[in-house]
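Chains, contacts and geometry: an overview
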Amino acid sequence: MIHKVQNLIAGERRPSSDGAVLERHDPADSRRLVSTMPESTSTDVADAVTAARDAAPEWAAMPPSRRASLLEKAASVLADQADDIAVEIVQEMGKPIGAARMEAGRAPKNLELYAAEAVRLTGATYPSDDSGATVYSTREPVGVVGVITPWNFPLNLASRKIGPALAAGNTVVFKPSPMTPRVGERLGAAFHEAGFPPGVVNTIHGHSAGAALVADQRVDAVTFTGSTATGQRIHAAMGLDRRVQLELGGNNPVVVLADADLDAAADVVARSSFTMSGQACTAAGRVLVATEIFDELLERVVARAEAHQLGDGRTEGVTMGPLVDERSLIDVSRSVSDAVAAGASVATGGRRVTDNGLEHGWFMPPTIVVDVDPTMALVHDEVFGPVVGFERVDGLEHAIALANDNRYGLTSAICTRDIAAAHEFSRRIEAGTVRVNRPTVGAAFNAPFGGIKMSGTGTHREQLGPTVMDFYTSLRTVFLGG
Ligand code: NAD
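Only a predicted model underlies this, so the values are computations on that prediction, with no experimental measurement involved. (Residues numbered from 1 in each chain as written. Predicted model: local features only at pLDDT ≥ 70, side-chain atom pairs only at ≥ 80, totals over all residues. Heavy atoms only, no water.)

**As for the overall build of the protein chain**
- Secondary structure assignment for the protein chain yields 15 helices and 22 strands.
- The C-alpha radius of gyration computed for the protein chain amounts to 23 Å, which stays within 12% of the reference 23 Å derived for 482 residues, consistent with globular compactness.
- When its C-alpha atoms are laid out on the principal axes, the protein chain stretches across 75 × 60 × 35 Å.
- For the protein chain, the residues scored as buried account for 57% of the 482 residues in total.
- Looking at the protein chain alone, contacts between residues at least 24 apart form 73% of all its contacts between residues at least 6 apart.
- Across the protein chain, 44 positive and 58 negative side-chain charges occur, with their mean positions spaced 3 Å apart. (Helix = DSSP H or I, 4+ residues; strand = E, 2+ residues; numbered from the N terminus. Rg over C-alpha atoms; globule rule 2.2 N^0.38 Å. Buried < 20%, exposed > 50% of the residue type's maximum accessible area, 1.4 Å probe, protein only. Contact = heavy atoms within 4.5 Å. Lys, Arg positive; Asp, Glu negative; His and termini not counted. Charge placed at Lys NZ, Arg CZ, Asp CG, Glu CD.)

**Digging into the UniProt feature "active site" (unreviewed entry) in the protein chain**
- The feature "active site" (unreviewed entry), as annotated in UniProt, sits at Glu-247 in this numbering.
- Here Glu-247 lies in strand 12 (residues 243-247).
- When near neighbours in sequence (up to four residues on either side) are disregarded, Glu-247 contacts Lys-161, Phe-224, Thr-225, Gly-226, Phe-449, Gly-450, Gly-451, Ser-455, His-460 and Glu-462. (UniProt positions renumbered as here; feature names shortened; annotations may be inferred.)

**Quick notes on helix 3 (residues 82-93)**
- For helix 3, spanning 12 residues, the distance from its first C-alpha to its last is 16 Å, which sits close to the expected 16 Å at 1.5 Å a residue.
- Among all positions of helix 3, only Ala-82, Ile-85, Ala-86, Glu-88, Ile-89, Val-90, Glu-92 and Met-93 are buried.
- Those residues of helix 3 hidden inside the fold are in contact with strand 4 (21-25), strand 5 (33-38), helix 2 (64-80), helix 4 (97-118) and helix 6 (181-193). (Expected span 1.5 Å × (residues − 1).)

**Notes on the packing of aromatic side chains**
- Counted under the stated rule, the structure contains 5 aromatic pairs.
- Here the aromatic rings of Phe-294 and Phe-390 are separated by 6.0 Å at their centres, their planes lie at 90°, and the arrangement is edge-to-face. Within this pair, whereas Phe-294 is found in helix 10 (residues 294-306), its partner Phe-390 is found in strand 17 (residues 387-393), the two being separated by 96 residues in sequence.
- Residue class for Phe-390 comes out buried when judged on its relative accessible area of 1%.
- Look at Phe-471 and Tyr-472: their rings are 5.0 Å apart centre to centre, the planes differ by 90°, and that puts the pair in the edge-to-face class.
- Residue class for Phe-471 comes out buried when judged on its relative accessible area of 1%.
- Residue Tyr-472 is classed as buried on the basis of its relative accessible area of 2%.
- Cluster of aromatic residues (ring-pair linked, three or more members): Trp-59, Phe-191 and Phe-196.
- Here Arg-392 stacks its cationic end above the ring of Phe-294, 3.9 Å away from the centre of that ring. (Phe/Tyr/Trp six-rings, centres within 6.5 Å; stacked < 30°, edge-to-face > 60°. Lys NZ or Arg CZ within 6 Å of the ring centre and 35° of its normal.)

**Things to note about the pairing of strand 16 (residues 367-370)**
- Alternating positions in strand 16 separate into two faces, Thr-367 and Val-369 on one and Ile-368 and Val-370 on the other, with burial throughout.
- Relative to strand 16, strand 15 (residues 345-348) runs antiparallel, the two being bridged by 3 bridges. Within strand 16, the position partnered with Ser-345 by the bridge is Val-370. (Pairing = 2+ DSSP bridges.)

**Observations regarding the packing of helix 2 against helix 6**
- Following both chains from N to C, one finds helix 2 and helix 6 inclined at 125°, their axes separated by 8 Å at the closest point. Taken together, helix 2 and helix 6 sit at an angle that is classed as oblique. Crossing of helix 2 against helix 6: the hand is right-handed. Taking contact as the criterion, the partners of Leu-71, Ala-74, Val-77 and Leu-78 in helix 2 are, on helix 6, Arg-186, Leu-187, Ala-190, Phe-191 and Glu-193.
- The residue makeup of the contact of helix 2 with helix 6, split by class, is 7 nonpolar, no polar and 2 charged. (Axes fitted to C-alpha atoms, helices over the stretch in contact; angles between N-to-C directions. Parallel < 35°, antiparallel > 145°, perpendicular 65-115°, else oblique. Left-handed = near helix turned anticlockwise from the far one by under 90°. Nonpolar A, V, L, I, M, F, W, Y, C, P; charged D, E, K, R; others polar.)

**What about empty space enclosed by the protein?**
- Scanning the model with the defined rule gives 6 cavities of 30 Å³ or more in all.
- What the largest cavity holds in volume is close to 110 Å³.
- Around the largest cavity sit 17 residues that line it, and Asn-251, Ala-283, Ala-284, Gly-285 and Val-383 are the ones nearest its centre.
- The residue inventory of the lining of the largest cavity, partitioned by class, reads 8 nonpolar, 7 polar and 2 charged.
- As a volume, the second largest cavity reaches approximately 70 Å³. (1 Å grid on protein atoms, 1.4 Å probe; cavity = no way out; pocket = protein on both sides within 12 Å on 5 of 7 lines; lining within 4 Å. Points joined across faces, edges and corners; volume = space filled by probe spheres on them.)

**Points about the pattern of salt bridges**
- Scanning the model with the defined rule gives 29 salt bridges in all.
- The salt bridge involving Glu-185 is made with Arg-182; its shortest N-O contact spans 3.0 Å. Of this pair, Glu-185 and Arg-182 are both found in helix 6, 3 residues apart, which corresponds to roughly one turn of the helix. (Salt bridge = Lys/Arg side-chain N within 4 Å of Asp/Glu carboxyl O.)

**Some thoughts on the sheet that holds strand 15**
- Pairing in this open sheet of 7 strands is mixed, and the strands run 15-16-17-14-13-19-20 from one edge to the other. Of all strands in the sheet, those with a lone pairing partner are strand 15 and strand 20 (433-436), marking the two edges. Recorded for the sheet is a direction-independent mean angle of 25° between the axes of neighbouring strands.
- When strand 14 (residues 284-290) meets strand 17, the two strands line up parallel, connected through 5 bridges. Each bridged residue has a counterpart across the sheet, and for Val-289 the counterpart in strand 17 is Arg-392.
- Where helix 9 (residues 262-274) meets the sheet, it contacts strand 13 (252-256), strand 14, strand 16, strand 17 and strand 19 (411-415), and its direction lies at approximately 170° from that of strand 13.
- Together, strand 13, strand 19 and strand 20 form the strand contacts of helix 14 (residues 419-428), whose direction differs from that of strand 19 by roughly 165°.

**Thoughts on the site of the ligand**
- Close to the ligand lie 27 residues, the nearest being Lys-175, Ser-227, Thr-230, Leu-248 and Glu-382.
- Lys-175 places a polar side-chain atom, nitrogen or oxygen, 2.7 Å from an oxygen atom of the ligand.
- When the free accessible area of the ligand is taken as 850 Å², the share hidden by the protein chains comes to 87%.
- By residue number, the principal contributor to the shell around the ligand is helix 8 (residues 228-238), which donates 3 residues. (Near = heavy atom within 4 Å. Polar contact = N/O pair within 3.5 Å; in protein donor to acceptor, adjacent residues only side chain to side chain. Areas by Shrake-Rupley, 256 points an atom, 1.4 Å probe, with all protein chains shown as cover.)

Okay, here's the thing in structure tokens:
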């Protein structure tokens, strides 16, 4: 059934003020209309920001334990709906149902985690040369936080931004991706259903609402996850007086040294490159393999690639869903054909799959490209699909040099049995995360996550760790004299 998504502003479900509607079709079968959503106008966005501003004083003044218990209630609303949400995730963005269930289960846990932060926020006292004064710091909410998120983890990423924002006493305007409006609506509505005061969490949908939200100077902070191109636009628009957190794209390397356990390394590479059809910011686009083991590793990864079962993510046995839309399929296919035109060759995959009833979906098979070089987009840029370039390296130094010769710095991995080499790599690789004998994908929900270079602002890590709440609070220093 087609679901009509609406904005949620000041506790009211509303269509776009000019009635404009966008459609979302199932990427596994683009004939199926899954949901419609408002294409919000700048008036709708302004109304949502006004609602968030109006709600801010009462929310900030609410006892923290009460804020925490409301967040716990929102977590339990989401947990109760997790089975339905998982199916909606598959229908809107295509990941296999097992991965969608994991995500639907993770979001309530995020909210529970951040609920506890509401009562843990602390300041500090400082020794003072002024014996009559006490010097201490407090944390204040930042104000209205704009939350703008992508479609690939539509629930998880948004919940780990909205959760800490609310715990710290901020109000929120949430702008989900137009690829996943139903899932965005579910998350926004969970706070409403849990009894949050109207206006504390507002949800606005559409293609142009994100830019309008960023442009509204009454938004005090923006936390964004998405592409580097959009992140750069947001960064430029925010200015000095408003804070911004950006979690952006990557082209993550896996290094495989000659001493690696080859079967384990092949698992690491295949999982890094092909999980979620390569549509994870942490997916590996480059594999830097010691020349001595290049052919043996390639053969093993090709076998793993070819074992994937493509199809609708709701079908039993399917391990790889479609790409998110036709545009993405075109871009990903072009990255392969351009590389081939420039001298690379395809070891497996490389072309859209249309047989076995997949002709109406945006299916790209796991694809391995060899004989690549740094002039090719799939080596130097992010390709958001199941495409990986294999390069030969003659040892650790060469691998580190090639891996770092890239504008991104999100995550990385090395496969080796040599502890010293792993440690050296961890010290020198330019990335926010290093995985040793583990895939680049995935993140611990209780460890800091974020990138450097063009992969993000890097100043405030998401998930957990000392900096998470720093983004959502302003530190104030008080000198209290007698
Ligand atoms: P995107 O940048 O196209 O869109 C992200 C969000 O920004 C959407 O809600 C979109 O509507 C909104 N938006 C678009 N233009 C905007 C503007 N000018 N101002 C404000 N908002 C605007 O990204 P996407 O295609 O949804 O997601 C895929 C990208 O996200 C990939 O590059 C991926 O690497 C990245 N990503 C990064 C992380 C991370 O943690 N680093 C995690 C997941 C995805």
